[in-house]
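Here is how the chains run, residue by residue.
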Amino acid sequence: MSEPELKKLFPGKHISLVARGKWEFVTRNTNRPAVGIVAITDDEKVVLVEQARPATNATLIELPAGLAGDVAGAEQEPLVEAAKRELLEETGYTAERWTELVSGYSSPGLTDELIVLFLAEGLKKVNAGGGDGSENIVVHEVPVNAVLAWLAQRGSKADMKLLAGLYVAMQMRSSE
């Protein structure tokens, strides 16, 4: 049995609406995974970002994250290099140690976007962060063992990648 052909229904600048058989979904035009970073400071704080997300009409708390291959001339950049770039751009941090944690789909009923999560350790703050010219990011450092309470206290909405990434990072770190 052959897989139904992918049909482009609406091409956008960064994403496209496509169909496979009767199922409509969104795909990234770069055809590359996104990256997310669980950045943990030496004093056991996780570095989070807060930014408005128009699709949700809300401000969300998230892991630093971004796209791979979306920079002209670097369309095939290694995923860890994209993660390093995004961490610095969004938070102002660099990291000495990088570990690939896990990969998975962000919302498989809606998109084919694959996200690769990395653990960044040995952090050093080198600038203020805040994102590129199109972003207005606020950086937070929250004790790793208090993230859920911190979110609840603020009444903040979180991107689920934050919770999944933190869980996997803590499992991996506890088994070392």
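It should be emphasised that the depicted structure is a prediction, and the values quoted were computed from it without experimental measurement.

Asker: It is not clear to me how the confidence of the model for the chain should be interpreted in this structure. Could you clarify?
Answerer: For residues with low pLDDT, the predicted coordinates do not support detailed interpretation. Per-residue pLDDT for the chain averages 93, and the proportion of residues at 70 or more is 99%. Here strand β7 (residues 65-67) stands out as the element of the chain with the lowest mean pLDDT, 93, in contrast to strand β9 (residues 114-125), whose mean of 98 is the highest.

Asker: I'm lost on the sheet that holds strand β1 (residues 6-11) in this one. Help?
Answerer: Picture the strands of a sheet paired through backbone hydrogen bonds; they go either parallel or antiparallel. Taken together, three strands build an open sheet; the order of strands is β1-β2-β3 and the sheet is antiparallel. Since the sheet does not close on itself, it has two edges, and those belong to β1 and β3 (23-28), each with one partner. Strand-to-strand twist in this sheet, taken as the mean axis angle between neighbours without regard to direction, amounts to 35°.

Asker: What is the right way to read the environment of Val102 from this model?
Answerer: Tracing the chain through its elements places Val102 in strand β8 (residues 93-105). C-alpha of Val102 to C-alpha of Leu6: the two residues are 96 residues apart in sequence and 27 Å apart in space. Beyond its immediate stretch of four places on either side in the chain, Val102 contacts Ile115, Val116, Leu117 and Val168.

Asker: Before we go on, may I ask you to explain the side chain of Arg32 in this structure?
Answerer: Looking at the secondary structure, you find Arg32 in the loop between β3 and β4 (34-40). For the buried Arg32, which has no salt bridge, the nearest side chain bearing the opposite charge is Glu77, at an N-O separation of 5.9 Å. A distance of 2.9 Å separates the side chain of Arg32 from the backbone oxygen of Glu77, its partner in a polar contact. With near-sequence residues (within four places) excluded, Arg32 lies in contact with Ala68, Gly69, Glu75, Gln76, Glu77 and Leu79.

Asker: I'm lost on the nonpolar core in this one. Help?
Answerer: The nonpolar side chains of soluble globular proteins are, as a tendency, buried together. With 20 residues, the main nonpolar core has Val38, Val46, Leu48 and Val147 as its most contacted residues. The set of elements that each furnish at least two residues to this core consists of β4, β5 (45-53), β9, α2 (147-154) and α3 (160-174). If we skip the residues at most four places from it in the chain, Val147 touches Val46, Val142, Leu162 and Leu166. Within the second largest apolar cluster, 16 residues are counted, among which are Ile37, Val47, Ala83 and Ala95.

The rules behind each value
- Residues numbered from 1 in each chain as written.
- Predicted model: local features only at pLDDT ≥ 70, side-chain atom pairs only at ≥ 80, totals over all residues.
- Heavy atoms only, no water.
- pLDDT = per-residue confidence, 0-100.
- Helix = DSSP H or I, 4+ residues; strand = E, 2+ residues; numbered from the N terminus.
- Pairing = 2+ DSSP bridges.
- Axes fitted to C-alpha atoms, helices over the stretch in contact; angles between N-to-C directions.
- Contact = heavy atoms within 4.5 Å.
- Buried < 20%, exposed > 50% of the residue type's maximum accessible area, 1.4 Å probe, protein only.
- Lys, Arg positive; Asp, Glu negative; His and termini not counted.
- Salt bridge = Lys/Arg side-chain N within 4 Å of Asp/Glu carboxyl O.
- Polar contact = N/O pair within 3.5 Å; in protein donor to acceptor, adjacent residues only side chain to side chain.
- Core = buried A, V, L, I, M, F, W, Y, C linked by side-chain atoms within 4.5 Å.

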